[in-house]
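Architecture and fold: a report
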Amino acid sequence: MEMFLTLLSGICWCIVYEECIRLALKDKTYAMPFWALALNITWEGIYTYYDLQAGGGVQGIVNVLWFCLDVVILETP
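Residues numbered from 1 in each chain as written. Predicted model: local features only at pLDDT ≥ 70, side-chain atom pairs only at ≥ 80, totals over all residues. Heavy atoms only, no water.

Things to note about the nonpolar core
Among the nonpolar cores identified, the biggest contains 10 residues, and these are C14, Y17, C20, I21, M32, L37, V62, W66, L69 and I73. Those elements that place two or more of their residues in this core are α1 (2-27) and α3 (57-75). If sequence neighbours within four positions are ignored, C20 has contacts with A31, M32 and I73. (Core = buried A, V, L, I, M, F, W, Y, C linked by side-chain atoms within 4.5 Å. Buried < 20%, exposed > 50% of the residue type's maximum accessible area, 1.4 Å probe, protein only. Helix = DSSP H or I, 4+ residues; strand = E, 2+ residues; numbered from the N terminus. Contact = heavy atoms within 4.5 Å.)

What to know about α1
Over its 26 residues, α1 runs 37 Å from end to end, which matches the ideal 38 Å to within 8%, given 1.5 Å per residue. Turning to α1, its buried residues number three or more, namely T6, G10, C14, Y17, C20, I21 and A24. Buried residues along α1 sit against α2 (34-53) and α3. Two residues or fewer after α1 comes K28, characterised by a positive phi angle close to 60 degrees. (Expected span 1.5 Å × (residues − 1).)

Some remarks on the packing of aromatic side chains
Under the definition given, this model contains four aromatic pairs. Seen in terms of ring centroids, W43 and Y47 are 4.6 Å apart; in terms of plane orientation they differ by 40 degrees. Their pairing is tilted. Placement of both W43 and Y47 in helix α2 is noted, with a separation of four residues, approximately one turn of the helix. Taking the relative accessible area as the measure of exposure, W43 reaches 53% and is therefore exposed. Accessibility expressed as a relative area gives 39% for Y47, which makes it partly exposed. Taking the centre distance of 5.4 Å and the plane angle of 70 degrees together, the rings of Y49 and Y50 count as edge-to-face. (Phe/Tyr/Trp six-rings, centres within 6.5 Å; stacked < 30°, edge-to-face > 60°.)

Thoughts on α2
For α2, built from 20 residues, the straight-helix expectation of 28 Å at 1.5 Å per residue is met to within 8% by its first-to-last C-alpha distance of 28 Å. Taken together, the buried positions of α2 are occupied by L37, N40, I41, E44, T48 and D51. Down the axis of α2, the sector holding all buried residues measures 110 degrees, keeping them to one side. Summarising the geometry of α2, the exposed residues directed more than 90 degrees from the buried face are W35, L39, W43, Y50 and Q53. Among the structural elements, α1 and α3 are those in contact with the buried residues of α2. G55 occupies a position one or two residues after α2 and carries a positive phi of about 115 degrees. (Arc of directions from axis to C-beta.)

Structure below.
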């Protein structure tokens, strides 16, 4: 059940991040408030590092994907 919820959360948040990227490209502005993005990229960067040090797993893979999407959101406008 834990893996299912992790994957469901990962997929749903990836959809949200992709929508932020799409809106940023369309409107030529950020689709996420700066402070939310700053805290989010920091949080996911830290947890990505620790999850990969601990051997990865599903949550580690999801965190890597979220961190990469945050970097794209940061660079889009």
